[in-house]
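Now for the letters of each chain:
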Amino acid sequence: MRLIIKDNYDDCAEWTAKYIAKKIKDANPTEDKPYVLGLPTGSTPLGVYKKLIELNKAGDISFKNVITFNMDEYVGLKDDDVQSYHYFMYTNFFNHIDIRKENIHILNGCAEDLEEECRKYEEEIVKAGGIDLFLGGAGNDGHIAFNEPGSSLTSRTRQKTLTDDTLKANSRFFDNDITKVPKTSLTVGIGTIMDARKVIIMMSGAAKSRALQQVIEGSVSSMWPVTALQLHRKAIIVADEDCTGDLKVSTAKYFKSIESKVKDF
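So, here's what we can say about the structure. Keep in mind the model is a prediction, meaning the values are calculated, not measured.

### Details of the pairing of strand β8 (residues 184–187)
Stage number 1. Because side chains alternate across β8, one face comprises the buried residues Thr184 and Leu186, and the other comprises Ser185 and Thr187, equally buried.
Stage number 2. Note that strand β4 (residues 72–74) and β8 share three bridges and pair antiparallel. Within β8, the residue paired with tyrosine 74 across the bridge is serine 185.
Stage number 3. Two elements, strand β7 (residues 158–161) and β8, share four bridges in a ladder whose sense is antiparallel. Bridge pairing links glutamine 159 to leucine 186 in β8.

Next comes the structure, spelled out in structure tokens:
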């Protein structure tokens, strides 16, 4: 596992966006052999999306032959609801790049049969050839997507009940009214994420320092879902200095020393 430590959030976002862009260009995707991205919502990826949009508009990268699968969606919110993750992704990313609409996959939280929706989502990922790179963030408690602490490390796409901490954290998007936050969501599983050929998790800010310490120095535990990345063959954590507060000084120096010798991504 690689740990990339940058000065601040903006530097983390820029490094991550350039890494993703390089991997897409290196793959030279075609319509018959597309590049498959797993994508998150929330505040963490916004800087990455902004930079990728800039690269796309500058002609440095194209998304015409890129297929995307989003991590999650609230149950009960329609696609045009301003708090739905459909709305978030189109507003903050898809409407600004040259991706084909048929290549965009987001879970339907209003499906009549939610279990069937999740099963078909897993099938679509396999049909696409698997996910080449999954971008994500981690919560203060180490959750990935809506895989809360205690989630099975081999879990697949499914419906999940959200914890009180997640409801409180997300209430800021619902007029700070926790009663307006959907109580359940559809989410890819930890096993789904781990199947990706590469995984990048961005973490920034002091509030996530404990989660970073667990994934870097702790042991694998379902109570800290992000620690599953220790078992991934090609996992990268991108964190800012504020997020490294709980790491041993020697640990941070070790990873910085390694990355100082890497000339490219």
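Picking up where we left off.
### Looking at the nonpolar core
Stage number 1. Leu3, Ile201, Leu212, Leu229 and Ile237 are the most contacted members of the largest nonpolar core, which has 43 residues in total.
Stage number 2. For this core, the secondary-structure elements that each account for two or more residues are β1 (2–6), β3 (66–70), α4 (114–127), α6 (190–194), β9 (198–203), α7 (209–217), β10 (235–240) and α8 (249–259).

### Thoughts on the pairing of β3
Stage number 1. Burial runs high along β3: five of the five residues are buried.
Stage number 2. Where burial is concerned, the two faces of β3 agree: the one with Val66, Thr68 and Asn70 and the one with Ile67 and Phe69 are both buried.
Stage number 3. Sheet topology note: the strand β2 (residues 35–39)/β3 ladder contains five bridges and is parallel. Residue leucine 39 lies in a different strand from β3, and its bridge partner there is asparagine 70.
Stage number 4. Taken together, β2, helix α2 (residues 46–57) and β3 form a β-α-β motif whose crossover is right-handed.

### Here's the deal with the sheet that holds β1
Stage number 1. A sheet is described by the order of its strands in space; here seven strands give the open sequence β1-β10-β9-β6-β2-β3-β5, paired in parallel fashion. Since the sheet does not close on itself, it has two edges, and those belong to β1 and β5 (104–105), each with one partner.
Stage number 2. Strand direction decides the pairing type here: β1 and β10, joined by five bridges, are parallel. Within β10, the residue paired with isoleucine 4 across the bridge is valine 238.
Stage number 3. Helix-sheet contacts for α7 involve β1, β9 and β10, and the interaxial angle to β10 is about 145 degrees.

### Re the environment of glycine 38
Stage number 1. Tracing the backbone shows glycine 38 in strand β2.
Stage number 2. Separated by 97 residues in the primary sequence, glycine 38 and leucine 135 have C-alpha atoms spaced 5.8 Å apart.

### Concerning the packing of helix α1 (residues 9–27) against α2
Stage number 1. Taken N-terminus to C-terminus, the directions of α1 and α2 make an angle of 50 degrees; their axes are 8 Å apart at the nearest point. In terms of their interaxial angle, α1 and α2 are classed as oblique. Read as a crossing pair, α1 and α2 show a hand that is right-handed. Residues Tyr9, Ala13, Glu14, Thr16, Ala17, Lys18, Ile20 and Ala21 of α1 form the contact with α2, whose participating residues are Leu46, Gly47, Val48, Lys51, Leu52 and Leu55.

### Focus: the pattern of salt bridges
Stage number 1. Under the defined criterion, the tally for this structure stands at 11 salt bridges.
Stage number 2. Measuring nitrogen to oxygen at the nearest pair gives 2.7 Å for the salt bridge that ties glutamate 259 to arginine 2. A residue pair is termed long-range when its members are at least 10 positions apart, and glutamate 259 in helix α8 and arginine 2 in strand β1 qualify at 257 residues.
Stage number 3. Taking the relative accessible area as the measure of exposure, glutamate 259 reaches 19% and is therefore buried.
Stage number 4. Salt-bridge contacts for glutamate 122 lead to arginine 156; the nearest nitrogen and oxygen are separated by 3.1 Å. With a gap of 34 residues between them, glutamate 122 in helix α4 and arginine 156 in the loop between β6 (133–137) and β7 connect regions that are remote in the sequence.
Stage number 5. Salt bridges sharing common partners tie together Glu116, Arg119 and Glu123.

### A short note on the side chain of asparagine 70
Stage number 1. The topology assignment puts asparagine 70 in strand β3.
Stage number 2. Excluding anything up to four places from it in sequence, asparagine 70 contacts Leu39, Pro40, Thr41, Met89, Phe94, His105, Ile106, Tyr121 and Val188.

### Some words on the environment of lysine 57
Stage number 1. Turning to its location among the elements, lysine 57 is positioned in helix α2.
Stage number 2. Judged by relative accessible area, which is 60%, lysine 57 ranks as exposed.

### Some remarks on α7
Stage number 1. The buried count for α7 comes to seven of nine residues, which makes it a mostly enclosed element.
Stage number 2. Three or more residues of α7 are buried, namely Ser209, Ala211, Leu212, Gln213, Gln214, Val215 and Ile216.
Stage number 3. Contact partners of the buried residues in α7: β1, β9, β10 and α8.

Conventions adopted
Think of each chain on its own: its residues are numbered from 1, step by step along the sequence as written. Restriction of local features to residues with pLDDT of at least 70 applies here, the model being predicted, together with a cutoff of 80 or more for giving and counting side-chain atom pairs; totals for whole chains, interfaces and linings are based on all residues. In computing side-chain values, all of the structure's heavy atoms are included and hydrogens and water are not. Think of it in three bands: with a 1.4 Å probe and only protein chains considered, a residue is buried below 20% of the maximum accessible area for its type, exposed above 50%, and partly exposed in between. Every helix listed is a DSSP run of H or I at least four residues long, and every strand listed is a run of E at least two residues long, numbered separately from the N terminus. Here, any two strands with at least 2 DSSP bridges between them count as paired. By nonpolar core is meant a set of buried Ala, Val, Leu, Ile, Met, Phe, Trp, Tyr and Cys residues that side-chain atoms within 4.5 Å join together. With the strands pointing away from the viewer, any crossover whose connection runs clockwise from the first strand over the helix to the second is right-handed. Throughout, a residue-residue contact means that at least one pair of heavy atoms, one from each residue, lies within 4.5 Å. Note on method: axes are straight lines fitted to C-alpha atoms, helices fitted across the in-contact stretch only, with angles between N-to-C directions ranging 0 to 180 degrees. Angular relationships are summarised with four words: roughly parallel below 35 degrees, roughly antiparallel beyond 145, roughly perpendicular across 65 to 115, and oblique for the angles in between. With the far helix as reference, a near helix turned anticlockwise by less than a right angle produces a left-handed crossing, and one turned clockwise produces a right-handed crossing. Salt bridges are counted wherever a side-chain nitrogen of Lys or Arg sits within 4 Å of a carboxyl oxygen of Asp or Glu.

The quantities given are spatial measurements derived from coordinates; they are silent on function.
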